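One-letter residues, chain by chain:
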Amino acid sequence: MSNLRSPSVKLLEKSPEVKSYIYQQILEFEPFVTADTVIAVIARDPKKLMLQLESEGKTELIEKLPKMYRIAIILKEGDTKIQDEGLADDIFEAIKIAKEKLLVRLQAIHDSVISKSERLQQIQNALQNPQVH
């Protein structure tokens, strides 16, 4: 998904610092993914948010959009996909925002699926074996 006109895509592909930061951030998804899960971190055009921001009354951000980074983190396994994105002046902050938003959604899904007794069992297992993550 390379677009040479987009500097954020160049940063994602070329910058060792950004790549390293991305790898550090996606490690936090480990409890929610399997070996078959594909994780993608992509840069999107922030200017495509103009209409949405205008309709939400966030007109102060519209002028800043051309200088901002819009980063999406996508987790995909089979036909299932979940994603979220971050928007910020700094590429590292945009990645962090996307990660945090996605983790909140994944935790909410996890909490709605797991029963209270299963949760207590997990806590007991963790207390008995502190090496398990």
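In what follows, the structure referred to is the one given above.
As the structure is a computational prediction, the values presented were derived from the model and not from experiment.

Conventions and cut-offs
Residues numbered from 1 in each chain as written. Predicted model: local features only at pLDDT ≥ 70, side-chain atom pairs only at ≥ 80, totals over all residues. Heavy atoms only, no water. Helix = DSSP H or I, 4+ residues; strand = E, 2+ residues; numbered from the N terminus. Buried < 20%, exposed > 50% of the residue type's maximum accessible area, 1.4 Å probe, protein only. Contact = heavy atoms within 4.5 Å. Salt bridge = Lys/Arg side-chain N within 4 Å of Asp/Glu carboxyl O. 1 Å grid on protein atoms, 1.4 Å probe; cavity = no way out; pocket = protein on both sides within 12 Å on 5 of 7 lines; lining within 4 Å. Points joined across faces, edges and corners; volume = space filled by probe spheres on them. Axes fitted to C-alpha atoms, helices over the stretch in contact; angles between N-to-C directions. Parallel < 35°, antiparallel > 145°, perpendicular 65-115°, else oblique. Left-handed = near helix turned anticlockwise from the far one by under 90°.

S.K.: Could you clarify how one ought to interpret the overall build of the protein chain in this entry?
M.R.: Across its full length, the protein chain carries six helices and three strands. Across the protein chain, helices and strands are ordered from the amino to the carboxyl terminus as α-α-β-α-α-β-β-α-α. By residue count, 31% of the 133 residues in the protein chain fall in the buried class. Contacts in the protein chain between residues at least 24 apart in sequence constitute 50% of all its contacts with a sequence separation of at least 6.

S.K.: What should I look at first to understand the pattern of salt bridges in this one?
M.R.: As a working rule, side chains carrying opposite charge can pair if their charged atoms are close by. By the definition in use, this model includes six salt bridges. Of the charged contacts in the structure, one is a salt bridge between arginine 44 and glutamate 85, with a shortest N-O distance of 2.8 Å. Linking arginine 44 in strand E1 (residues 38-44) with glutamate 85 in strand E3 (residues 80-88), this pair joins segments that are 41 residues apart in sequence. Taking relative accessible area as the criterion, arginine 44 reaches 22% and is therefore assigned partly exposed.

S.K.: Just checking my understanding: could you explain the layout of surface pockets for this structure?
M.R.: Of the volumes computed, that of the second largest pocket is approximately 310 Å³. Around the second largest pocket, the lining is made up of 14 residues, and of these Phe32, Leu75, Thr80, Ile82 and Leu106 lie nearest the centre. Of all the secondary structure elements, the ones that give two or more residues to the lining of the second largest pocket are strand E2 (69-77), E3 and helix H5 (91-113). With four residues, the single largest contributor to the lining of the second largest pocket is H5.

S.K.: I would appreciate a short explanation of the packing of helix H2 (residues 16-26) against H5 in the present structure.
M.R.: Describing two packed helices takes the angle between their axes plus the distance from one axis to the other. Put simply, H2 and H5 touch, their axes get as near as 11 Å, and they point 15° apart. In terms of axis orientation, H2 runs roughly parallel to H5. The two elements H2 and H5 cross, and the hand of that crossing is right-handed. Taking contact as the criterion, the partners of Glu17, Val18, Tyr21, Ile22 and Gln25 in H2 are, on H5, Ile91, Phe92, Ile95, Lys96 and Lys99.

Limitation: the analysis is restricted to geometry and does not speak to function.
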